[in-house]
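Listed below, chain by chain, are the residues.
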Amino acid sequence: MLKPVDILMVGVGGQGTILASKILAQAALETGYDIKVSEIHGMAQRGGSVVTQVRLGEKVFSPLIPPGGADVVLAFEKLEGLRLMSFLKPDGTIIINEQEIPPVPVLVGAAEYPPGIIEYISSAARNVVAVNALAIAEKCGNVKAANVVLLGVMACRLPFAREVWERALADRVPAKVLEANKAAFAAGYEYE
Amino acid sequence: MKELLSGNEAIARGAYESGVTVAAAYPGTPSTEILENFSRYPGVYAEWAPNEKVALEVGIGASLAGARTLVAMKHVGVNVAADPLLTFAYTGVNGGFILVSADDPGMHSSQNEQDNRNYARFAKIPLLEPSDSQEAKEMVELALDISEQFDTPVMLRTTTRVAHSQSLVEIGGPGARELRPYQKDPQKYLMVPAFARLRRAALEERLVRLREYAEQSPFNFIEWRDQSLGVITSGISYQYVREALPQASVLKIGMTNPLPEAVIRRFAAGVKRLVVVEELEPFIQEQVSSMGIAVTGKELIPNSGELDTGILARNFSEAGLLKMPVNAEAEGSTRSKAPAAPGRPPVLCSGCPHRGLFYALKKLKLTVAGDIGCYTLSGLPPLEAMDWCVCMGASIGAAHGVSKANPAMSGHTVAVIGDSTFLHSGITGLLNMVYNNGSGTVIILDNRTTAMTGHQQHPGTGSTLMGTAAPAVDLETLVKALGVKRVKVVNPLDLAKTLAVLREETAAGEPSVVISRCPCVLLTKAAKPAVLVEKDKCIGCKVCLRLGCPSISVKDRKALVDPVSCTGCGLCIQVCQEGALVKGGNGDA
Ligand SMILES: Cc1ncc(C[n+]2csc(CCOP(=O)(O)OP(=O)(O)O)c2C)c(N)n1
Ligand code: SF4
Ligand code: SF4
């Protein structure tokens, strides 16, 4: 019996959440899960919120995770993590990238980017992993691999074998950036 | 072999596996990916039509010529295509014909959330509603079989959560492709009154046979569980019911028009309490109720927005129909201290050419009759330069109506319309303005693509969905042929020129067209170097922020330009009165 796992990925358009969800889905498929992935990516413009819901189990019905039902919230951006942390189960894990991408209301001075997000989340959730994924990705040779660093941090907490993840990564990432992405995945996997 | 496919990918796959050879559509979320995926299969033909009505008419022709045919559109597209659809229901088909209507409960990317199941009933055609990707694929094949067996177009209705959710699908091989022979048959196909009356009767006979068929359909099935509660459901709602009410008996209706009355009666007789769970309108509920069966539905669940497992669990337990374990809502107390999260609304991209035009319109304080596309975002702060937007193509007619009703507004009202939208349904509006001696200014935002839905080709781009070269319509010549004498072309990234042309044209007192021409920045690969800030010149006045460009911010009274996202479009350089923003690169760049 495969244990059901609900994962909510949140970020900002252009951060590579879609690639991360594809790798996750492939790894889950190989592990034998039933899968549903739901993505709302309304418009073509860059810069809106992107929310991807991935549900795994023996048999999955609804493609939507109920609020308070996510085992993992993987936040590619701090503010998006704050916005959607109500989806987290009381004993779930939130993995949060320390990157800040100010939305336009903040840029034009109509709102403030809330200070102390990580501190708040650490006080409100039991299992919090904060990661400076950009810095780690840069060390691995490609800042664009920050999404894969975060995927690695999540991967070591999910019930799939590491080789399964690595195969899915190799299938989904273009050959010329694969080395940097492998390093990024490993750095995430071994983080903390 | 199983693959993870979205509902849209599964529909495309289903069409390929069932021998569909012709498909036509106009893009619209959440339907667009159906044609994009279908067009990549070998040996098929697919095209973007300029609008949904034309797409459906192309489909009618293909079906009459004997091909299995698919036509796809978003829910509001069916409004545009309704005219041919309702009479095609009379003539019936030759090759199997499926119309995919992708509805958008919750309005993730739409201007309304109409329930298009009503169209199937209105047109008296069969309706299928899948609840995941596997069913979506199977129902395409079934729809084509029904279409040919009963000589009728068939509607497959999805919703955003089916169209855009991925689930596992069993993959099969390509279907056999045979053209059925065409036979001239005016009594069947030539809908003049005398023949249409015959077909009207045939339509009713067909419905009787379809009702019998629905009773046998394997897509209408009962799952007996606890018989104290029975739920009738369809589409994505089935998934929410299974998760929220795992004990309830369920009648899942896959074919929702015409309804299987005998199956419904059998189910109703077997349960103590009967509830219909469906998104949007009480489409099934009202029909069940009019069979004289005691049923509830919309008394318990909302008739607007999307449903989900949480809504069902809450409302059924409030009604005493579900015992819910008390949730650890305690977390809420800590959450109340959460810092407020500012919204992240979609905005025009850095370097979007629409920004320059709307900045100019705002400066001139014009009333702007709007239309639908990326540019509709300019109605939101800080630009706030669009007064209204109703449906595709509506801007020109509305601007003309304004000027006829209130001459005082006429020199101050302009219509703005995207290039794809103009070709979709703006041309007739402009023709009307010219014909009826209007005097408005129409601005065509020619960014060389259908940007909003993901950059599809259209008749102005010079290329097709299949990737072949095509003649590109010449907008200047086209509007001149409609009778417009004043036609100007501006680059919206040149603010001074744009302002001057807009002033001149709105004062002209006769129909005029301004073509605001500059490609969508996501189409132009090589960005110019990012704009630089000369810190000592910046006085922190924030005038540049009025552009609403996501690359510009002001911190500690100094402007900042994000060097990664800035595309060097140069609008802010023209807006800053202090000369603090300057072109990047060093001359030779
Ligand atoms: C009848 C109908 N069909 C399709 C859509 C979806 N849709 C909205 S705007 C649009 C086209 C936008 O293209 P364009 O006018 O060129 O503006 P752009 O987004 O490129 O700025 C489409 C396909 C709709 N809203 N209504
Ligand atoms: S996708 Fe193109 S048209 Fe749409 S906002 Fe971005 S730059 Fe503008
Ligand atoms: S860059 Fe120019 S417009 Fe922007 S704040 Fe500085 S002085 Fe004002």
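Scoring rules and cut-offs
Residues numbered from 1 in each chain as written. Chains lettered and ligands numbered in written order. Predicted model: local features only at pLDDT ≥ 70, side-chain atom pairs only at ≥ 80, totals over all residues. Heavy atoms only, no water. Helix = DSSP H or I, 4+ residues; strand = E, 2+ residues; numbered from the N terminus. Polar contact = N/O pair within 3.5 Å; in protein donor to acceptor, adjacent residues only side chain to side chain. Contact = heavy atoms within 4.5 Å. Buried area = accessible area lost by both parts, 1.4 Å probe. Salt bridge = Lys/Arg side-chain N within 4 Å of Asp/Glu carboxyl O. Pairing = 2+ DSSP bridges. Near = heavy atom within 4 Å. Areas by Shrake-Rupley, 256 points an atom, 1.4 Å probe, with all protein chains shown as cover. Nonpolar A, V, L, I, M, F, W, Y, C, P; charged D, E, K, R; others polar. Domains from an automatic or database assignment. Buried < 20%, exposed > 50% of the residue type's maximum accessible area, 1.4 Å probe, protein only. Axes fitted to C-alpha atoms, helices over the stretch in contact; angles between N-to-C directions. Parallel < 35°, antiparallel > 145°, perpendicular 65-115°, else oblique. Left-handed = near helix turned anticlockwise from the far one by under 90°. Core = buried A, V, L, I, M, F, W, Y, C linked by side-chain atoms within 4.5 Å.

(A) Here's a closer look at unusual backbone geometry. All names here are of chain B. Pro-258 follows Asn-257 through a cis peptide bond whose omega is -10 degrees. Within the element layout of this structure, Pro-258 appears in the loop between strand 12 (255-257) and helix 11 (261-270). For the bond running from Pro-381 to Pro-382, omega is 0 degrees, close enough to zero to count as cis. Following the sequence through the fold, Pro-382 ends up in the loop between strand 14 (367-369) and helix 16 (394-405). A positive phi angle, close to 45 degrees, is found at Glu-384, a residue other than glycine. You can see Glu-384 is positioned in the loop between strand 14 and helix 16.

(B) Representation of the side chain of B:Asp104. Residue and element names in this part refer to chain B. Position of Asp-104 among the secondary structure elements: in the loop between strand 5 (97-103) and helix 5 (117-123). In this structure the side chain of Asp-104 is engaged in a polar contact, spanning 2.9 Å, whose partner is the backbone nitrogen of Ser-109. Once you skip the residues sitting within four places of it in the chain, Asp-104 turns out to touch Pro-30, His-75, Ser-109, Ser-110, Glu-113 and Thr-160.

(C) Region of the structure containing the interface of chain A and chain B. Contact residues are listed per partner, giving 46 residues for chain A and 50 residues for chain B. Note on chain A versus chain B: buried area summed over both sides is about 4,200 Å², and carbon and sulfur give 63% of it. Summed over the shared surface of chain A and chain B, the result is 3 salt bridges. When the shortest N-O distance is used, the salt bridge between B:Glu243 and A:Arg55 registers 3.0 Å. Here chain A is connected to chain B by 10 residue pairs in polar contact (both at pLDDT 80 or more). Breaking the side of chain A that touches chain B down by element, the ones donating at least two residues are helix 1 (17-31), strand 2 (34-40), strand 3 (49-57), helix 2 (78-84), helix 3 (104-107) and helix 4 (117-124) of chain A. Bridge count for strand 2 of chain A against strand 8 (residues 165-170) of chain B is 3 bridges, and the pairing is antiparallel.

(D) Representation of the site of ligand 1 in the model. All names here are of chain B. Inspection of the region around ligand 1 gives 26 residues, with Glu-52, His-354, Asp-419, Thr-421 and Ala-451 positioned closest. In this structure, Asp-419 approaches ligand 1 through a side-chain N or O atom, which is 2.6 Å from an oxygen atom. Between ligand 1 and Ser-420 there is a distance of 3.0 Å, counted from an oxygen atom to a backbone nitrogen or oxygen. Calculation on ligand 1 without its partners gives an accessible area of 590 Å², and the protein chains cover 98% of this total. Those elements that place two or more of their residues in the shell around ligand 1 are helix 4 (75-91) and helix 18 (419-435). Ranked by residues supplied to the shell around ligand 1, first place goes to helix 18 with 4 residues. Counted by class, the shell around ligand 1 contains 10 nonpolar, 13 polar and 3 charged residues. The residues that make up the shell around ligand 1 include at least three from each of domain 1 (2-216) and domain 3 (354-523).

(E) Broad picture of the pattern of salt bridges. Under the criterion given, the structure shown has 39 salt bridges over all chains. Residues A:Arg162 and A:Glu190 are paired through a salt bridge, measuring 3.0 Å at the closest nitrogen-oxygen approach. Of the two residues, A:Arg162 sits in helix 7 (residues 162-172) while A:Glu190 sits in the segment after helix 8 (178-189), which places them 28 residues apart along the sequence. Linking B:Glu129 and B:Arg157 is a salt bridge whose minimum nitrogen-to-oxygen distance equals 2.9 Å. One end of the pair, B:Glu129, is in the loop between strand 6 (127-128) and helix 6 (133-150); the other, B:Arg157, is in strand 7 (residues 154-159), with 28 residues separating them in the sequence. The burial state of B:Glu129 is the same as that of B:Arg157; both residues are buried. When salt bridges that share partners are traced, they join B:Asp103, B:Asp115, B:Arg117, B:Glu129, B:Arg157 and B:Glu278 into one network.

(F) How the structure looks around the environment of A:Ala180. Residues and elements named next belong to chain A. Summarising the element assignment, Ala-180 is placed in helix 8. Put simply, Ala-180 and Cys-140 are 40 residues apart on the chain and 5.6 Å apart in space, counted from C-alpha to C-alpha. Not counting chain neighbours up to four residues away, the residues in contact with Ala-180 comprise Cys-140, Gly-141 and Asn-142.

(G) A look at the packing of helix 7 of chain A against helix 8 of chain A. Residues and elements named next belong to chain A. Helix 8 packs onto helix 7 with a crossing angle of 150 degrees between their chain directions and a minimal axis gap of 10 Å. In terms of orientation, helix 7 lies roughly antiparallel with respect to helix 8. The handedness of the crossing between helix 7 and helix 8 is right-handed. Side by side, helix 7 and helix 8 meet where Arg-162, Trp-165, Glu-166, Leu-169 and Ala-170 of the first sit next to Leu-178, Asn-181, Lys-182, Phe-185, Ala-186 and Tyr-189 of the second. By residue class, the composition of the contact of helix 7 with helix 8 is 7 nonpolar, 1 polar and 3 charged.

(H) Quick peek at the nonpolar core. Judged by nonpolar contacts, the single largest core of 67 residues is most densely connected at B:Phe358, B:Leu361, B:Val416, B:Phe422, B:Leu430, B:Val442 and B:Ile443. Taken together, domain 3 (354-523) and domain 4 (532-582) of chain B each give at least three residues to this core, which thus spans both. Residues in contact with B:Leu361, not counting those within four places in the same chain, are B:Leu366, B:Val368, B:Val414, B:Val416, B:Ile443 and B:Leu502. Ranked by size, the runner-up nonpolar core spans 46 residues in total, among them A:Ile7, A:Ala27, A:Ala28 and A:Val72.

(I) How the structure looks around the site of ligand 3. Around ligand 3 sit B:Cys538, B:Ile539, B:Gly540, B:Cys541, B:Lys542, B:Val543, B:Cys544, B:Ala559, B:Cys576, B:Glu578 and B:Leu581, and that is every residue in its neighbourhood. Of the residues belonging to the shell around ligand 3, the class tally is 8 nonpolar, 1 polar and 2 charged.

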